[in-house]
Amino acid sequence: AQSVAQPEDQVNVAEGNPLTVKCTYSVSGNPYLFWYVQYPNRGLQFLLKYITGDNLVKGSYGFEAEFNKSQTSFHLKKPSALVSDSALYFCAVRDMGNNLFFGTGTRLTVIP
Amino acid sequence: DAGVTQSPTHLIKTRGQQVTLRCSPKSGHDTVSWYQQALGQGPQFIFQYYEEEERQRGNFPDRFSGHQFPNYSSELNVNALLLGDSALYLCASSSTGTGSLYGYTFGSGTRLTVV
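Asks: Looking at this structure, how should I read the overall build of chain B?
Replies: Looking only at helices and strands, chain B features one helix and 11 strands. Sequence-ordered secondary structure for chain B, helices as α and strands as β, is β-β-β-β-β-β-β-β-β-α-β-β. The C-alpha radius of gyration computed for chain B amounts to 13 Å, which stays within 12% of the reference 13 Å derived for 115 residues, consistent with globular compactness. Taken along its principal axes, the extent of the C-alpha atoms in chain B is 40 × 25 × 25 Å. Expressed as a percentage of its 115 residues, the buried residues of chain B come to 48%. For chain B, restricting intrachain contacts to residue pairs at least 6 apart in sequence, the fraction spanning at least 24 positions comes to 53%. Summing over all exposed atoms, chain B offers an accessible surface of approximately 5,400 Å²; the carbon and sulfur share of this is 49%.

Structure (structure tokens):
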């Protein structure tokens, strides 16, 4: 069975500082991993994905994620946080049936 | 190019009633998945429709049913509503075989409140 864990419910970071949102996964076979962002009362917006290839994946809005197979992690990162990055972030893994299973989410707050 | 469209955006129903939510997938997509997102939680997979058939189902009771039409649009029906069914219902579309490659496109959701 597949699952993802987001160990931090809340992450606070000062504007301009680097940010990291953590995600670990458990999956049979090769992992297909995703990050989505959700703004209040909105659906999910795709940020980036890891299917295969380079361990460092670059995505939308300056975000990137590092795939680490030995640590079964897929942490989301950004070199310099913006106040507008404040939102709810979800890590997800695809199952054999091509569906997504999400973590519980991490609320990112960027402090001006 | 329209993304995923869901209607209505908000809905209030009484316990025991039935509700129908609608979803139009992104142009070029033929697969629709439905998710339930309770307040403060991550989205939970309900079921997926492809070629007008339910292909996969998550851990949801039979009160949750769906349909997909020839134009790939989809409906989610919930019978005998419970207070616990109050949630944001999200529709996601993808193209068969490429959903993993290009991600899934989500709609903005329908906020269902059961009173």
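Okay, back to it.
Asks: Would you mind going over the nonpolar core with me for this structure?
Replies: In globular proteins that are soluble, nonpolar side chains generally tend to be buried together. In this structure, Trp35(A), Leu47(A), Leu48(A), Phe74(A), Leu76(A) and Tyr89(A) are the most contacted members of the largest nonpolar core, which totals 26 residues. When residues in this core are grouped by element, the largest group, four residues, is from strand E10 (residues 87-94) of chain A. The residues contacting Tyr89(A), other than those within four sequence positions of it, are Gln6(A), Trp35(A), Tyr36(A), Val37(A), Leu47(A), Phe63(A), Leu76(A), Gly105(A), Thr106(A) and Leu108(A). Ranked by size, the runner-up nonpolar core spans 20 residues in total, among them Val4(B), Leu21(B), Trp34(B) and Phe64(B).

Asks: Please explain unusual backbone geometry as it appears in this structure.
Replies: All names here are of chain B. Between serine 7 and proline 8 the backbone carries a cis peptide bond, its omega angle lying at -10°. For proline 8, the location among the structural elements is in the loop between strand E1 (5-7) and strand E2 (10-13). Non-glycine residue glutamate 52 carries a positive phi angle of around 65°. For glutamate 52, the position within the fold is in the loop between strand E5 (44-50) and strand E6 (53-57). Residue glutamate 52 is classed as partly exposed on the basis of its relative accessible area of 43%. Located in the positive-phi region is tyrosine 72, a residue other than glycine, with phi close to 80°. Topologically, tyrosine 72 is positioned in the loop between strand E7 (64-68) and strand E8 (74-78). Residue classification places tyrosine 72 among the partly exposed residues on the basis of a relative accessible area of 41%.

Asks: Can you help me understand the interface of chain A and chain B in this one?
Replies: Accessible area lost during the coming together of the parts is what is often quoted as the interface size. Listed as interface residues are 21 residues of chain A and, on the opposing side, 22 residues of chain B. Here chain A and chain B share an interface that buries about 1,700 Å² over both sides, 48% of which is from carbon and sulfur atoms. In terms of surface lost to chain B, no three residues of chain A exceed Leu44(A), Asn98(A) and Asn99(A), which account for 28% of the buried area on that side. When the residues that make up the side of chain A that touches chain B are grouped by side-chain class, the tally is nine nonpolar, eight polar and four charged.

Asks: I'm lost on the sheet that holds E7(B) in this one. Help?
Replies: The strands that make up a sheet pair up through hydrogen bonds in the backbone, lying either parallel or antiparallel. All names here are of chain B. Across the sheet, four strands lie side by side as E1-E3-E8-E7; this open sheet has antiparallel pairing. The open sheet has two edge strands, E1 and E7, and neither has a second partner. Direction aside, the axes of adjacent strands within the sheet are offset by 20° on average. As paired elements, E1 and strand E3 (residues 19-24) share three bridges and run antiparallel to each other. Pairing of threonine 5 across the sheet is with serine 24, part of E3.

Asks: Help me understand the side chain of Thr110(B) in this model?
Replies: All names here are of chain B. Tracing the sequence through the fold places threonine 110 in strand E11 (residues 110-114). Taking the relative accessible area as the measure of exposure, threonine 110 reaches 0% and is therefore buried. Looking at threonine 110, its side chain comes within polar contact range of the main-chain oxygen of proline 8, at 2.5 Å. Apart from residues lying up to four places away in sequence, threonine 110 is in contact with Gln6, Ser7, Pro8, Thr9, Leu21, Ala87, Leu88 and Tyr89.

Asks: Help me out: how do you make sense of the state of the cysteines in this one?
Replies: What we call a disulfide is simply a covalent bond connecting the sulfur atoms of a pair of cysteines. Residue and element names in this part refer to chain A. For the structure shown, the criterion picks out two disulfides over all chains. Each disulfide pairs two cysteine sulfurs, and for cysteine 23 the partner residue is cysteine 91, the sulfurs being separated by 2.0 Å. Residues cysteine 23 and cysteine 91 are joined through a disulfide that is left-handed, its torsion about the S-S bond being -65°. With cysteine 23 in the loop between strand E3 (19-21) and strand E4 (24-26) and cysteine 91 in strand E10, this pair connects stretches of sequence that are 68 residues apart.

The rules behind each value
Residues numbered from 1 in each chain as written. Chains lettered and ligands numbered in written order. Predicted model: local features only at pLDDT ≥ 70, side-chain atom pairs only at ≥ 80, totals over all residues. Heavy atoms only, no water. Helix = DSSP H or I, 4+ residues; strand = E, 2+ residues; numbered from the N terminus. Rg over C-alpha atoms; globule rule 2.2 N^0.38 Å. Buried < 20%, exposed > 50% of the residue type's maximum accessible area, 1.4 Å probe, protein only. Contact = heavy atoms within 4.5 Å. Areas by Shrake-Rupley, 256 points an atom, 1.4 Å probe, with all protein chains shown as cover. Core = buried A, V, L, I, M, F, W, Y, C linked by side-chain atoms within 4.5 Å. Buried area = accessible area lost by both parts, 1.4 Å probe. Nonpolar A, V, L, I, M, F, W, Y, C, P; charged D, E, K, R; others polar. Pairing = 2+ DSSP bridges. Axes fitted to C-alpha atoms, helices over the stretch in contact; angles between N-to-C directions. Polar contact = N/O pair within 3.5 Å; in protein donor to acceptor, adjacent residues only side chain to side chain. Disulfide = S-S within 2.5 Å.

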